[in-house]
Amino acid sequence: MPITYTSGEQVEVYRFSLPVTIGVPLVALIIQAYIPKYVPGFAVYVDLPLLVTIFFAMARRNPIAGLFTGAIIGLAQDMLGHNLIGIYGIAKTVVGYGASSLGVKLDLENAGARLLVTLGFYLVHSAVYFTVARALVNMTQHWSWPHGILAGLVNGLIGVLLYFLLDRFKQRT
Amino acid sequence: MESVLGRYRNLIILVGVLFLQVLGLAVQVKTGAEKETRLIRLWTVGMITPFERGLVWVQSSAGNLWHNYFYLRGVRAENRELKEQIEQMRLEQVRLTEDATQAHRLQMLLAFKEQFVSKTVAAQVIGTSGSDLSRIVYIDKGENAGIKPDMAVITADGVVGKVLLAGTNEARVLLISDQTSGVGAILEKSRLQGVLRGTANGEIVLERVMSDEQVQPGETVLTSGGDQIFPKGLRVGTVTNVANGKDLFLNITIKPAANLGKLEEVLVLTEKQEREAVAEDNGRVRAADILAQRLPSVPDKPAGDPNAAGTADGVAKPATGTGTANATPKPSGTGANPPAGAIKSTAAPSPPNAKVTPKTAPPSTPTAATQKPKPVNSASTETKPPTRAETSTDPSIVEQKPAPPATQPEPPPQDNSPQ
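Residues numbered from 1 in each chain as written. Chains lettered and ligands numbered in written order. Predicted model: local features only at pLDDT ≥ 70, side-chain atom pairs only at ≥ 80, totals over all residues.

Caption draft 1: Focus on the overall build of chain A. On a plain count of helices and strands, chain A comes out with seven helices and four strands. In chain A, the succession of helices and strands from N to C terminus is β-β-α-α-α-α-α-β-α-α-β. Evaluated residue by residue, chain A yields a buried proportion of 49% over its 173 residues. When contacts within chain A are restricted to residue pairs at least 6 apart in sequence, long-range pairs at least 24 apart make up 74% of them. (Helix = DSSP H or I, 4+ residues; strand = E, 2+ residues; numbered from the N terminus. Buried ≥ 20, exposed ≤ 12 C-beta atoms within 10 Å, placed from the backbone. Contact = placed C-beta atoms within 7 Å.)

Below, the structure is given as structure tokens:
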């Protein structure tokens, strides 16, 4: 069953140990900052902190935990750049909330479902970032559907592999 | 009321968190992001960079081990090619030295101010921002190495960017391809000036060049020095595309000379000096002097003091004794003021301006040219380097009879300079 509509009681809720909760986002941020030194296109198409946000939000199935996870990871990502702090924070807060809200209603364990969900949330993330950057901060931004879909698919494929890797750290509540 | 709050609790918290972040953005827009968020950014960077530094160390150690101990195929051939290249570059250096001297002389006539890069710090790139919307890199040197904000960052190929924020042991460098960067630039041939800016898609464009100007693709772009960050004349890139832009300006796309996508080592210009051009007093070189320099001549007999042996080639040698005919005389050389006859004893005919005189030469040196040659052993205590005026206007040069190279005496055994 790729996407199963279930009641909240039927969907399994997971938790993670403290080292995993802190370590995985930290490693994602480090890799995201390190790889573009050798592969310049990596930062254009891949957003590992976003994938980690989606994973934790969907696994915990708690909208409040999801939005705070997204906010913290997004703000940390903002601090590594030189743009105003809060643009990634807002975008990832929305994604964290959305992914955990979706996780409450749907059981997303299938690779195809995960790919589609990641593609969708990548576009949501890009749209929120674009809106905030243009409307609130007056940054010059260009929206491109082909780029968005391509990057979303790339993130989806990497996300599917990453989610299966991170599934090992899940602990049943 | 409570039931409403409970029912929409998640949504209310979401709106609250978003509202706080929007408020934070508004505060930053009003007061300036860098000023207000400097500390918090430094903390985050301080948390991430140790890991990146470790990754870079592991990677470079493994690479060094492989390349320096195992993968040595073709090193001999490469060494031979590099030696040939050095020889060619030496010849080129002689020509460029003459050009530079002439330029300095002209600049002095016009009382131009020059900017010199007097000190640089080499640093290694350890990471990036991880976002294509924020084109910055992190380097492994910070305030402890003398790095401060607004210092220029370059590579051997060209300009990279400027230091945005300096931590204790790391610094954040804004690349010239970022949207918020701006570099004063000038086109090498047409001398048109403009401002280089990055675009949202990572390209670099030269702005503020009027559309009625002629700009050809392939033209080199240099720094103009107008931004007070980059010294004038550093290579920035080449023009790849020229199109009509908006508001009567051309849209000139630039390909950066430095590979901004794969930076590894960079130089931070920590010190630059501005001073008036100083020309060397070489405007009175006579044709006879040049001819005398090119012709072989009989050198003075070396003095009995064996300590003076290393001075026979006429060019002050470095302390290591490996100086060449084209080497710059160093004040610390063992024989800084040799007799003029000995100067001309170098067998290899070198161009007249092969010897570069230090800019710190005292103005009284031309008078010294009329003095009689000093004994070599007394020259060893002299720390003042010979100036070009000393070497080129000494009457003993032209009075000496040219002698075939075969008749030149063998240099003392201690002298290992090229003959």
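Following the structure, the description resumes.
Caption draft 2: Inspection of the sheet that holds strand β9 (residues 220-223) of chain B at higher detail. With respect to topology, six strands assemble into a closed barrel ordered β6-β7-β8-β11-β10-β9 (chain B), the strand pairing being antiparallel. On average, each strand axis in the sheet is inclined to that of its neighbour by 45°, with strand direction left out of account. (Pairing = 2+ DSSP bridges. Axes fitted to C-alpha atoms, helices over the stretch in contact; angles between N-to-C directions.)

Caption draft 3: Layout of the interface of chain B and chain A. Facing 39 residues of chain B, the contacting portion of chain A comprises 34 residues. Looking at the side of chain B that touches chain A, the elements that each hand over two or more residues are α2 (9-31), α4 (38-70), β1 (113-128) and β5 (171-175) of chain B. The dominant element in the side of chain B that touches chain A, judged by the number of residues it contributes, is α2(B), at eleven residues. Considered class by class, the residues forming the side of chain B that touches chain A number 19 nonpolar, 15 polar and five charged. (Nonpolar A, V, L, I, M, F, W, Y, C, P; charged D, E, K, R; others polar.)

Caption draft 4: Broad picture of the environment of E203(B). All names here are of chain B. As for its position among the elements, E203 is in the loop between β7 (193-198) and β8 (204-207). Overall, the presence of 15 C-beta atoms within 10 Å leaves E203 in the partly exposed class. Spatially, the C-alpha atom of E203 lies 9.0 Å from that of P256, the residues being 53 residues apart in sequence.

Caption draft 5: Geometry of the environment of L206(B). All names here are of chain B. Relative to the helices and strands, L206 is located in strand β8. Since 27 C-beta atoms lie within 10 Å of it, L206 is described here as buried. C-alpha separation for the pair L206 and Q193, spaced 13 residues apart in sequence, amounts to 8.9 Å. Leave out the neighbours within four places in its chain, and L206 touches A185, G194, L196, V221, I252 and I254.

Caption draft 6: Main features of the confidence of the model for chain A. Looking at chain A as a whole, the pLDDT averages 87, with 94% of positions reaching at least 70. Of the regions scoring below 50 in pLDDT, residues 1-8 of chain A engages in 14 contacts with residues more than four places distant in sequence or in other chains. (pLDDT = per-residue confidence, 0-100.)

Caption draft 7: Fine view of the nonpolar core. If you look at the biggest cluster of nonpolar residues, it comprises 103 residues, and the most contacted ones within it are V160(B) and V173(B). Contact partners of V173(B), with chain neighbours within four places excluded, come to I136(B), V137(B), I139(B), V153(B), V160(B), G161(B), K162(B), V163(B) and L164(B). (Core = buried A, V, L, I, M, F, W, Y, C linked by C-beta atoms within 7 Å.)

Caption draft 8: The arrangement of helix α3 (residues 48-60) of chain A in detail. Taking 1.5 Å per residue as the helical rise, α3(A) with its 13 residues ought to reach 18 Å, and the 18 Å between its terminal C-alpha atoms agrees with that figure. Among the 13 residues in α3(A), 13 count as buried, and that is most of the element. (Expected span 1.5 Å × (residues − 1).)

Caption draft 9: Summary view of helix α6 (residues 111-136) of chain A. All names here are of chain A. Look at α6: 36 Å from first C-alpha to last across 26 residues, which is about the 38 Å you get at 1.5 Å a residue. Here α6 has its buried residues at R114, V117, T118, L119, F121, Y122, H125, S126, V128, Y129, V132 and A133. Each element contacted by the buried residues of α6 is listed here: α3, α5 (87-105) and α7 (145-166).

Caption draft 10: Spotlight on the packing of helix α1 (residues 18-34) of chain A against helix α4 (residues 63-80) of chain A. Residues and elements named next belong to chain A. One way to put it is that α1 packs onto α4 with a least axis distance of 11 Å and a crossing angle of 30°. Here α4 runs roughly parallel to α1, going by the angle between their axes. When the axes of α1 and α4 are compared, the crossing they make is right-handed. Here P25, L29 and A33 of α1 lie close against α4, whose contacting residues are I73, A76, Q77 and L80. The residue inventory of the contact of α1 with α4, partitioned by class, reads six nonpolar, one polar and no charged. (Parallel < 35°, antiparallel > 145°, perpendicular 65-115°, else oblique. Left-handed = near helix turned anticlockwise from the far one by under 90°.)

Caption draft 11: Up close: the environment of W43(B). Locating W43(B) in the fold gives a position in helix α4. A C-alpha to C-alpha distance of 9.1 Å links W43(B) and G167(B), two positions 124 residues apart in sequence.

Caption draft 12: Broad picture of the pairing of strand β4 (residues 159-166) of chain B. Residue and element names in this part refer to chain B. Of all the eight residues making up β4, eight are buried; the element is thus mostly covered by neighbouring parts of the structure. For strand β3 (residues 152-154) and β4, the ladder comprises three bridges, and the chain directions are antiparallel. For I154, the partnering residue across the bridge sits in β4 and is V159. The antiparallel hairpin formed by β3 and β4 contains four residues in its connecting segment. Pairing between β4 and β5: five bridges, direction antiparallel. In the strand pairing of β5, A166 is matched with A171. Linking β4 to β5, which pair antiparallel, is a turn of four residues.

Caption draft 13: Summary view of unusual backbone geometry. Its identity as a non-glycine residue notwithstanding, R61(A) has a phi of 55°, on the positive side. Structurally, R61(A) can be placed in the loop between α3 and α4.

Caption draft 14: Region of the structure containing the packing of α3(A) against α4(A). Residues and elements named next belong to chain A. Contact geometry for α3 and α4: axes closest at 9 Å, N-to-C directions at 165°. Classified by the angle their axes make, α3 and α4 are roughly antiparallel. Crossing of α3 over α4 shows right-handed handedness. In contact with P49, V52, T53, F56, A57 and R60 of α3, α4 contributes A65, G66, T69, G70, I73 and Q77. Tallied by class, the residues present in the contact of α3 with α4 amount to six nonpolar, five polar and one charged.

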